[in-house]
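# Structural description and commentary
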Amino acid sequence: MTTPPALSPRTGGRRNYTLLTAAACVTNLGGAGATIASAFAVLESGGTGGDVGLVVASRTLPLVLFLLIGGAIADRLPRHRVMVAANTVNCLSQAAFAALVLAGEARLWQMMLLAGLGGAAQAFFGPASEGMLLSSVAPGEAARAFAVYRMAMHGASLGGAALGGAMVAAMGPGWVLAVDAAAFAVAASLRALLDVRGIAPREPGGGMLSDLREGWREFASRPWLWGIVVQFSVANAVVGAAEAVYGPLVARDSLGGAGPWGLALAAFGAGTMVGGLLMTRWKPRRLLLAGTLCVFPLALPSAALAVPVPTGVLWSVMFVTGVTVEVFGVSWMTALHQEIPEDKLSRVSAYDWFGSIAMVPLATALAGPAETAFGRTSALWGCAGLVVLVTAAVLLVPDVRNLTRRVTPPVGPGVALAGKPSPASAEQPAGASAPGAPAAPRAAAPTASDVA
């Protein structure tokens, strides 16, 4: 069994890390099943693949619109309070969604409205959560801490996807959505217990716009950061469309329904656990080069659905993809932790999330029309090709190839980046802490912080 990593004593130490990990496991357990349940709730109400895309887009659009505001607020207010408030809204919106589905009264506009409410809450939760987690980890153990955290989180997704698919097949999607609502309530209770007394109070800022401009300068000054976010703006859009829209349709038509598709998502979760275990031991010197090379297999699931391959082959593809993208996920979090000042974590995270998912609503909304115009197979091959293209393009950025792991945090304001003077401001502390999602995860569609 892996020993818990050492944590920063100034932010509640191991207790905070344990609470954050436990809460993430609970929400991922419920959320993995809810992703499947929401798609089949739309289909069972008489909806089409295009309607599934509209519901997914309805959640993602407010997430995009409110992310930057959420990041600025999370750097101003106690982050745990922002997280609890967001979890409460998610609990209520999912409970209403479940009630409508169980009553057989769910209409497309209602599902879109409730999905949008949940997405708005996530816009405030995501930056606060990422900032809270990364500021709780000691610099010397960052990579290992993130790997252990993500292993636990993806283990919950593994169980949630398998259980959720089976529950949808046996009991219908409404009960799975009700379980997800309960999971948000439990997670909110856990996050309310976080100890933030050791975190220094934020300095008074010049207002919301000033905070956003400062976060933008921090984000735009690093080519490796915005380059990878641009990469994932495309990759997440097409992978999100393939997973949320085409995946359930292929499962219904060729794989046998929700159960096999849930197992395919569970295989991806199993792969991320193995990848996380690998990253507790392996510490590549060129963080982003190793991570980016491991993004290429993210094209494989779309290609497998395009064929479509037998269920056993699909499960193997999903497993291998999970292993490789977890290498990127841990490497990305470690790079952020190493390079971004603690007091700007949530704002930089918000720009990361914003760029990474900005195109997801458009892609999911257009998935249905694209299937009609080009055919499902061609659309899926297009998704796979775009992942390969943008991943190859980001390797042209020198700092993506050259950013190196810092063995010992530097002393003083000058922080080295890929062997060059850092473009960060002189206020950046040595060894500053900084999805997903990943997050994110989370995640209905992967983000640069959390590709799982």
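Residues numbered from 1 in each chain as written. Predicted model: local features only at pLDDT ≥ 70, side-chain atom pairs only at ≥ 80, totals over all residues. Heavy atoms only, no water.

## Re the overall build of the protein
Our working definition: Strands are runs of DSSP state E lasting at least 2 residues, helices are runs of H or I lasting at least 4, and numbering of each runs from the N terminus. The classification of residues rests on relative accessible area computed with a 1.4 Å probe and restricted to protein chains. Under 20% of the type maximum is buried, over 50% is exposed, and intermediate values are partly exposed.
Regarding its fold elements, the protein presents 16 helices and two strands. In the protein, which comprises 452 residues, the share counted as buried stands at 61%.

## Considering the environment of Ala 34
Just so we agree on the cut-off: By the convention used here, residues are in contact when the closest approach between their heavy atoms is within 4.5 Å.
One can find Ala 34 in helix H1 (residues 13-44). Sequence-wise, Ala 34 and Val 168 are 134 residues apart; in three dimensions their C-alpha atoms are separated by 9.3 Å. Apart from the residues within four sequence positions on either side, Ala 34 is in contact with Gln 94, Val 176, Leu 177 and Asp 180.

## Structural notes on the packing of aromatic side chains
Inclusion rule: Any two of the Phe, Tyr and Trp rings considered here, Trp counted by its six-membered ring, make a pair once their centres fall within 6.5 Å; the pair's planes then place it as stacked at under 30 degrees, edge-to-face at over 60, or tilted in between.
Summed over all chains, the structure comprises seven aromatic pairs. Measuring from centroid to centroid gives 5.7 Å for Trp 224 and Trp 332, while their planes differ by 75°, and the two rings are edge-to-face. Remark: Trp 332 occurs in helix H12 (residues 311-339) and Trp 224 occurs in helix H8 (residues 223-255); sequence separation between them is 108 residues. When sorted by exposure, Trp 224 lands in the same class as Trp 332, which is buried. Feature note: the residues Trp 224, Phe 232, Phe 328 and Trp 332 constitute an aromatic cluster, connected by ring pairs.

## Overview of the pattern of salt bridges
We count it as follows: Salt bridge, as used here, is a side-chain nitrogen of Lys or Arg placed within 4 Å of a carboxyl oxygen of Asp or Glu.
One pass over the full model with this rule turns up eight salt bridges. Arg 222 is the salt-bridge partner of Glu 218, the closest N and O atoms lying 2.8 Å from each other. Using a relative accessible area of 5% as the deciding quantity, one classes Glu 218 as buried. In the salt-bridge network here, residues are joined through shared partners; they are Arg 252, Asp 253, Glu 371 and Arg 376.

## So, the nonpolar core
Basically, it comes down to this: The set of buried Ala, Val, Leu, Ile, Met, Phe, Trp, Tyr and Cys residues whose side-chain atoms join them within 4.5 Å is what this entry labels a nonpolar core.
By size, the foremost hydrophobic cluster in this structure holds 112 residues, and its most contacted members are Trp 224, Leu 225, Ile 228, Leu 288, Leu 314, Trp 332 and Val 400. Sorting elements by how many residues they give to this core places H8 first, with 19 residues. Ignoring sequence-local partners within four residues, the contact set of Leu 225 consists of Glu 218, Phe 219, Trp 332, Leu 336, Ile 340 and Val 348. Grouped together as the second largest cluster of nonpolar side chains are seven residues, Leu 63, Val 64, Leu 67 and Ala 123 included.

## Notes on the packing of helix H2 (residues 49-74) against helix H7 (residues 208-220)
Geometry of a packed helix pair, given as the angle between the helix axes and the separation of the axes. So the rule is basically this: Interaxial angle, 0 to 180 degrees, is taken between N-to-C directions of lines fitted to C-alpha atoms, where a helix line uses only the stretch in contact. Oblique is the label for any angle not under 35 degrees, not over 145, and not in the 65 to 115 range, which are roughly parallel, roughly antiparallel and roughly perpendicular in turn. Side-chain classes are defined by residue name, with Ala, Val, Leu, Ile, Met, Phe, Trp, Tyr, Cys and Pro counting as nonpolar, Asp, Glu, Lys and Arg as charged, and the others, Gly among them, as polar.
Their axes nearest at 10 Å, the elements H2 and H7 cross at an angle of 100°. With respect to each other, H2 and H7 are oriented roughly perpendicular. Residues Leu 68, Ile 69, Ala 72 and Ile 73 of H2 pack against Met 208, Asp 211 and Leu 212 of H7. Grouping the constituent residues of the contact of H2 with H7 by class yields six nonpolar, no polar and one charged.

## Here we look at a nonpolar patch on the surface
For the record, the criterion: Exposure above 30% relative accessible area and the lack of any salt bridge qualify a residue for a patch; like charges then connect within 9 Å, and the nonpolar side chains Val, Leu, Ile, Met, Phe, Trp and Tyr within 5 Å. Each accessible area is a Shrake-Rupley estimate made with a 1.4 Å probe; only the visible protein chains count as cover when residues are assessed.
A cluster of nonpolar side chains, contributed by Leu 61, Leu 65, Phe 66, Ile 69 and Met 208, occupies part of the molecular surface with about 420 Å² of accessible area. If you tally residues by element for the nonpolar patch, the top one is H2, at four residues.

## Considerations on H7
Worth spelling out the cut-off: Between the first and last residue of a helix there are one fewer steps than residues, each counted as 1.5 Å, and that sum is the expected span. Throughout, the arc means the angular range of directions from the helix axis out to the C-beta atoms.
Its 13 residues give H7 an end-to-end C-alpha distance of 18 Å, which sits within 8% of 18 Å, the value for a rise of 1.5 Å per residue. All of the buried residues in H7 are Asp 211, Leu 212, Gly 215, Glu 218 and Phe 219. Projection of H7 onto a plane perpendicular to its axis shows the buried side chains occupying an angular sector of 120°, all on one side. What points out from H7, more than 90 degrees from its buried face, is the exposed set Leu 209 and Arg 217.

## Re the confidence of the model for the protein
Low pLDDT marks regions whose predicted coordinates should not be analysed in detail. Going by this rule: Scored between 0 and 100, pLDDT is the confidence that the predictor attaches to each residue.
Residues with a pLDDT of 70 or more make up 85% of the protein, whose mean pLDDT is 79. Looking across the protein, the model is least confident in strand E2 (residues 420-421), with a mean pLDDT of 27, and most confident in helix H15 (residues 376-394), with 94. In this model, residues 409-452 is a region of pLDDT below 50 whose contacts with residues beyond four sequence positions or in other chains number 163 contacts.

## Digging into the side chain of Thr 27
Mapped onto the fold, Thr 27 is located in helix H1. With near-sequence residues (within four places) excluded, Thr 27 lies in contact with Asp 180, Ala 183, Phe 184, Ala 187 and Arg 191.

## Looking at the environment of Phe 232
Mapped onto the elements of the fold, Phe 232 is located in helix H8. Classification of Phe 232 by relative accessible area gives buried; the value is 0%. Between the alpha carbons of Phe 232 and Ile 357 there is a distance of 7.7 Å; along the sequence they are 125 residues apart.

## Some remarks on the packing of H2 against helix H14 (residues 360-374)
Remark: H2 packs on H14, axes separated minimally by 7 Å, with the N-to-C direction vectors making an angle of 170°. By the angle between their directions, the pair H2 and H14 is classed as roughly antiparallel. Packed against H2, whose contacting residues are Gly 50, Gly 53, Leu 54, Val 56, Ala 57, Thr 60, Leu 61 and Val 64, the element H14 presents Val 360, Pro 361, Thr 364, Ala 365 and Gly 368 at the interface.

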